[in-house]
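Inside the fold
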Amino acid sequence: MGTLTHKAARAAYGTAIDAVLKHVKKDREKGLLELVDLTEKYMGDNFQKENYEATRKMIQDPDNKWVKYVNHMIDELDPYVIRQTALNLGYEAAFYGTKTIREMRKKYDCNIPWLILMDPTSACNLHCTGCWAAEYGNRLNLTYNDLDSVITQGKELGIYFYMYTGGEPLVRKDDIIKLCKKHNDCAFHAFTNGTLVDEAFCEQMKEVGNLSLSISLEGFEEVNDLRRGAGVYEKVLHAMDLLKASGQIFGTSICYTSKNIETVTSDEFLDMIIEKGCRFTWYFHYMPVGNDAALELLPTKEQREYMYHRVRKIRSTNGGKPIFAMDFQNDGEFVGGCIAGGRNYCHINPNGDVEPCVFIHYSGANIKEVSLLEALRQPLFMAYRDHQPFNCNHLKPCPMLENPELLQQMVHETGAKSTDLQSPETVEHLCGKCHTYAKCWSECADKLWSEHPREAKGYQNYKQK
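Cut-offs and rules
Residues numbered from 1 in each chain as written. Predicted model: local features only at pLDDT ≥ 70, side-chain atom pairs only at ≥ 80, totals over all residues. Heavy atoms only, no water. Phe/Tyr/Trp six-rings, centres within 6.5 Å; stacked < 30°, edge-to-face > 60°. Helix = DSSP H or I, 4+ residues; strand = E, 2+ residues; numbered from the N terminus. Buried < 20%, exposed > 50% of the residue type's maximum accessible area, 1.4 Å probe, protein only. Lys NZ or Arg CZ within 6 Å of the ring centre and 35° of its normal. Domains from an automatic or database assignment. Contact = heavy atoms within 4.5 Å. Buried area = accessible area lost by both parts, 1.4 Å probe. Salt bridge = Lys/Arg side-chain N within 4 Å of Asp/Glu carboxyl O. Polar contact = N/O pair within 3.5 Å; in protein donor to acceptor, adjacent residues only side chain to side chain. Disulfide = S-S within 2.5 Å.

An unreviewed UniProt entry annotates the protein chain as Radical SAM protein of Dorea formicigenerans.

Written out as structure tokens, the structure is:
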């Protein structure tokens, strides 16, 4: 698809979205059905035909949980935010971007990610206990030009979705808004502690329409502030109030550990964040990264199995909660295992090191020294591609946590170096902390896999063996 054709198609899709949104206000069901028709017209075989039909059937059931969920979003979100999200995350990233990425994977014979996670800075206004980002130190930064260059190069490869973490990315919120304006065809998302969100920033988010947030939360006030500092919990709730009033899309980012797993999945906690306006919640398994990692925070196999079932219950149409819950570790079965190493995502730390994953601090390429494409073709990423999926059981997706011998092998074979500038951790030390966990979880994961077998859906961009 040429540039002019691409622009014309985007404009046509935008016009169609506007028409549908106007119609939705008058006849909600008819408008939503038109939106499905529109999606099928433009995205076609990106999704299976039965998925479109199932969606149409669902829309015609006003009591369906997800229909109510969508209706609440239409009623409560800013119209421009809805439009830009549909255009950038829907048309650009999911349709045009995916199509381009597939072509580029064949052309360059390497993994090309669907999204890139970047750290604008290692600086943070908080000093949270056990924060893995602190492993990098707090004086590293990617300049505006560094970030702009990655996005510009990424778009050439079909990448239209960019996430920020840190440090605290909103320390650099002026640059983030500037990038949202320049690259107004991209979708952006920031993982933030929420304490720097104010009314002025909400107005800027409303103006650009293409930035959403995940706010870190570890539980209720006592537990959260024990780790993050006194008063942070109240600041987070205030930030949620501001974002909800502004019509923004936001949710929570939660690291679950052996200490907080029941609390952060409880009905009481979920009802609270839903009331505050959260549309989604990301759950991340605690990873024992760094020389001083607290192994006692690793969930037990019983706790992780509880998490497997609990997240699916939260998501379920019948009896679930009106929030979309995702578990970065336990949802591997839906994406064909590990998505790192550029298979679907990669991470660029604040020093510019291009890492396979936000939790895997090893690299053989720096974005300040090589192009994005060269970084994606570094030996470590090619090794990821050759070995993915790391396990046929996608409930054991990670080459560190569940298959630690494989990460050791890849790091040694490729000569990748530790990217921790303060306290470099050998891969033997990192993976050594995971062997016992991997063995304990394996038996449980195999049981779950046999009870709920699943094949990876959709395309698989890892190298077939």
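This is not the end of the story, as more comes after the structure.
Tallied over the entire structure, the rule returns 17 aromatic pairs. Between Tyr256 and Tyr283 the ring centres are 6.5 Å apart and the planes differ by 70 degrees, which places this aromatic pair in the edge-to-face class. Taken together, the residues span a long stretch of sequence, with Tyr256 in strand S5 (residues 250-256) and Tyr283 in strand S6 (residues 280-285) at a distance of 27 residues. By relative accessible area, which is 0% here, Tyr256 ends up buried. Judged by relative accessible area, which is 0%, Tyr283 ranks as buried. Feature note: the residues Phe191, Trp282, Phe284, Phe328, Tyr345 and Phe359 constitute an aromatic cluster, connected by ring pairs. Above the face of the Tyr308 ring, Arg312 is positioned so that its terminal group lies 3.7 Å from the ring centre.

Here we take up the domain arrangement of the protein chain. By domain assignment, the protein chain separates into domain 1 (3-89) and domain 2 (110-453). Measuring from the centre of the C-alpha atoms in domain 1 to the corresponding centre in domain 2 gives 28 Å. Of the residues lining the interface, 17 residues belong to domain 1; the matching set on domain 2 comes to 26 residues. In total, about 1800 Å² of surface goes out of reach between domain 1 and domain 2, with carbon and sulfur atoms giving 58% of it. For the pair domain 1 and domain 2, the number of links is 1 salt bridge. Here domain 1 is connected to domain 2 by 10 residue pairs in polar contact (both at pLDDT 80 or more).

By the definition in use, this model includes 0 disulfides. No disulfide involves Cys186; its nearest neighbouring cysteine sulfur is the one of Cys180, lying 9.2 Å away.

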